[in-house]
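# Inside the fold
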Protein chains: 2
Amino acid sequence: MAGKRLARADWVRAAVTALAERGVAAVAVEPLAARLGTTKGSFYWHFADREALLAAALENWEHEHTDDVVAALADITDPAQRLRSLLHGIFALGGDDLAVVLAGDTGHPLVRAALARVAERRVAYVERALADLGLADAEAHRRAVVLYGAYIGYQQIHRTAPELAPAGQAAAAFADSLLALLPPTAGTPG
Amino acid sequence: MAGKRLARADWVRAAVTALAERGVAAVAVEPLAARLGTTKGSFYWHFADREALLAAALENWEHEHTDDVVAALADITDPAQRLRSLLHGIFALGGDDLAVVLAGDTGHPLVRAALARVAERRVAYVERALADLGLADAEAHRRAVVLYGAYIGYQQIHRTAPELAPAGQAAAAFADSLLALLPPTAGTPG
DNA sequence: CACCGTCCGTACGCCACCGTACGGAATGAC
DNA sequence: GTCATTCCGTACGGTGGCGTACGGACGGTG
């Protein structure tokens, strides 16, 4: 557990974990140091201040949960299949999505910006897949928001009342029922 | 602004407001006292400690956003119309739903419990309306979770990326598109 | 082994907030 | 007006986290 010397990346990883569990407040230098079996001396060697760690953690999360996910699906040509893989992948992911956990910490500028960027990229990705599927731009956008909202909502309920929105089996079924709503183009009035 | 003496309820109101803006961390005695134009002396007369205020604020919110909402719809006999009024009512509500803001503070037992109770009651209410509408129990439950999840998701996106999920007009349209998905009983496999 | 750059431990001062103690102002009862 | 009760101001000690200073351990290079 202890013993080895730490790299900057070790702090970032720990920060992301803390972030996912208890939000921005958990990204605290001294508690994290204790958790890593080291001291503040280590931290302030690798980072200028607490803010720098938070920024790095957010950036790390932002990258892993947008770009990397997209890259993993890059070689699936069928948009419908791509969406299916996406939904199943993210619902299978254990742990709580930071987008849900951090929604209360929008007072912090870095957090607010990261959350906005992530939401926009995610919606844009789904929107593009829906457009590839033949939906008109406006309709694709509306449905992308609905789809992403459904995902966020499920995750949020899972975190606050797990028995209502279990993980695993039930989550996969939920994802499928969402996908079932897609193909038929039911027009919605502006 | 200042001047008058404060009642316990004044503190609770201020706490709920703070809670809705920046979460549990914002329910801090000294900052709230400053905001109310008074001092800690007042606070510790009305409350045993910070925890007591938090509990009162949560209880207040919990009541206002479950029981009171339900009561307001009690005299609408048609379940479909009741759901419609419910959705339009809650989407019209300005400000962010505490259920979204507090999702990151589940480390706190009181918060966790309150969030779980609220989610359960809200889902149960929708579920009952759907059952009254003729859906089988299991199906009503599933759809109630979907519906509540969609609401939460929209609220969450609104808080983190407002341009994707605007309030007012667009929210009402969103609510209507949700309701449009209801009547046709499309069976989902268990 | 001597040296230098990298990394960590420890001690310190600072600030924000919690909770307590207690004196005193404001208010209503009579 | 007196008096008791209700409510508030202020001063204090305690705690936890931030950031700095600095001494020294570690590890590679010659």
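Our structure's up above, just so we're on the same page.
Predicted model, so just to flag it, every value in this text is computed and none were measured. (Residues numbered from 1 in each chain as written. Chains lettered and ligands numbered in written order. Predicted model: local features only at pLDDT ≥ 70, side-chain atom pairs only at ≥ 80, totals over all residues.)

## What about the overall build of chain A?
Broken down by element type, chain A carries 10 helices and 0 strands. Across chain A, helices and strands are ordered from the amino to the carboxyl terminus as α-α-α-α-α-α-α-α-α-α. Taking all 190 residues of chain A together, 36% fall into the buried category. Considering only contacts in chain A between residues 6 or more positions apart, those separated by 24 or more positions represent 61%. (Helix = DSSP H or I, 4+ residues; strand = E, 2+ residues; numbered from the N terminus. Buried ≥ 20, exposed ≤ 12 C-beta atoms within 10 Å, placed from the backbone. Contact = placed C-beta atoms within 7 Å.)

## What to know about the relation of the copies chain B and chain A
Expressed as a screw transformation, the operator carrying chain B onto chain A has a rotation angle of 180° and an axial translation of 0.0 Å, and the superposed copies differ by an RMSD of 0.1 Å. On this basis, the relationship between the two copies can be described by a two-fold rotation axis. Residues of chain B ranked by C-alpha distance from the rotation axis are headed by B:Gly153, positioned 2.0 Å from it. The fraction of interface residues of chain B whose copies in chain A are also interface residues reaches 100%, indicating that both copies meet through the same surface. (Least-squares fit on C-alpha atoms with pLDDT ≥ 70 in both.)

## Some remarks on the interface of chain B and chain A
Every contact between the two is made by 34 residues of chain B and, on the other side, 34 residues of chain A. When residues of the side of chain B that touches chain A are traced back to their parent elements, those giving at least two are helix H7 (98-101), helix H8 (109-132) and helix H9 (137-160) of chain B. Looking at the side of chain B that touches chain A element by element, the count peaks at 12 residues for H9(B).

## Examining the packing of helix H6 (residues 79-92) of chain A against helix H8 (residues 109-132) of chain A
All names here are of chain A. Direction vectors running N to C along H6 and H8 enclose 150°, while the axes themselves pass 8 Å from each other. For the element pair H6 / H8, the angle class is roughly antiparallel. Between H6 and H8 the crossing geometry is left-handed. Residues Pro79, Arg82 and Leu83 of H6 pack against Val126, Ala129 and Asp132 of H8. (Axes fitted to C-alpha atoms, helices over the stretch in contact; angles between N-to-C directions. Parallel < 35°, antiparallel > 145°, perpendicular 65-115°, else oblique. Left-handed = near helix turned anticlockwise from the far one by under 90°.)

## Digging into the packing of helix H1 (residues 8-22) of chain B against helix H2 (residues 29-36) of chain B
Residues and elements named next belong to chain B. For the pair H1 and H2, the least separation of the axes is 11 Å and the interaxial angle reads 110°. With respect to each other, H1 and H2 are oriented roughly perpendicular. Seen from above, H1 lies across H2 with right-handed handedness. Each of Asp10, Ala14, Ala15 and Ala18 in H1 lies in contact with H2, whose residues at this interface are Leu32, Arg35 and Leu36. Partitioned by chemical class, the residues of the contact of H1 with H2 number 5 nonpolar, no polar and 2 charged. (Nonpolar A, V, L, I, M, F, W, Y, C, P; charged D, E, K, R; others polar.)

Limitation: the analysis is restricted to geometry and does not speak to function.
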